[in-house]
Amino acid sequence: MMEAYRYRDWSRLIGTPVEVWKDFELVRTGVVDDAMKDSSAIWLAADSAGGRALFAAAEGYEVWIRPQELGGKLCYKMAAALLPAAPQPAVRA
């Protein structure tokens with residue numbers, strides 16, 4: 001399993017599994033249900049760990065992502081460029 005890293009652009013994480021941390025402690029894991037465009041807050045979808053939950057950056061929460069191995073022929077394909085609304089590289093003529 002690959003090492004987790006802090007991800008600051010929360011608005012690009014909708015539909016992505018994440019870890020929510022505060023004060024060096026893991027608070028919850030889950031899939032991002034929604035996020036503010038300015039990355040000030042994030043909602044995790046309801047699951048077996050609890051109901052839908054809101055976490056705000058102003059309260060000290062951090063969001064970490066962990067690239068995961070995919071089944072089949074794909075392997076470690078999670079990349080920032082594949083997340084929704086990712087900036088596309090400039091094309092040079």
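Since this is a predicted model, take the numbers as computed values, not measurements.

1. A word on the overall build of the chain
Okay, step 1: Across its full length, the chain carries 0 helices and 6 strands.
Okay, step 2: Expressed as a percentage of its 93 residues, the buried residues of the chain come to 28%.
Okay, step 3: Considering only contacts in the chain between residues 6 or more positions apart, those separated by 24 or more positions represent 48%.
Okay, step 4: Put simply, the chain shows about 6,500 Å² of open surface, and 56% of that area lies on carbon and sulfur atoms.

2. Here's the deal with the sheet that holds strand β4 (residues 41-44)
Okay, step 1: One open sheet holds the 6 strands; their spatial order is β1-β6-β2-β3-β4-β5, and the pairing between them is antiparallel. Since the sheet does not close on itself, it has two edges, and those belong to β1 (5-6) and β5 (53-56), each with one partner.
Okay, step 2: Across 3 bridges, the pairing between strand β2 (residues 17-22) and strand β6 (residues 62-65) is antiparallel. Directly across from Val20, in β6, lies its bridge partner Val63.

3. Overview of the confidence of the model for the chain
Okay, step 1: In this model, the chain carries a mean pLDDT of 82, and residues with pLDDT of at least 70 account for 71%.
Okay, step 2: Taken element by element, the chain is modelled with least confidence in β1, mean pLDDT 90, and with most confidence in β4, mean pLDDT 97.

Rules used in this analysis
- Residues numbered from 1 in each chain as written.
- Predicted model: local features only at pLDDT ≥ 70, side-chain atom pairs only at ≥ 80, totals over all residues.
- Heavy atoms only, no water.
- Helix = DSSP H or I, 4+ residues; strand = E, 2+ residues; numbered from the N terminus.
- Buried < 20%, exposed > 50% of the residue type's maximum accessible area, 1.4 Å probe, protein only.
- Contact = heavy atoms within 4.5 Å.
- Areas by Shrake-Rupley, 256 points an atom, 1.4 Å probe, with all protein chains shown as cover.
- Pairing = 2+ DSSP bridges.
- pLDDT = per-residue confidence, 0-100.

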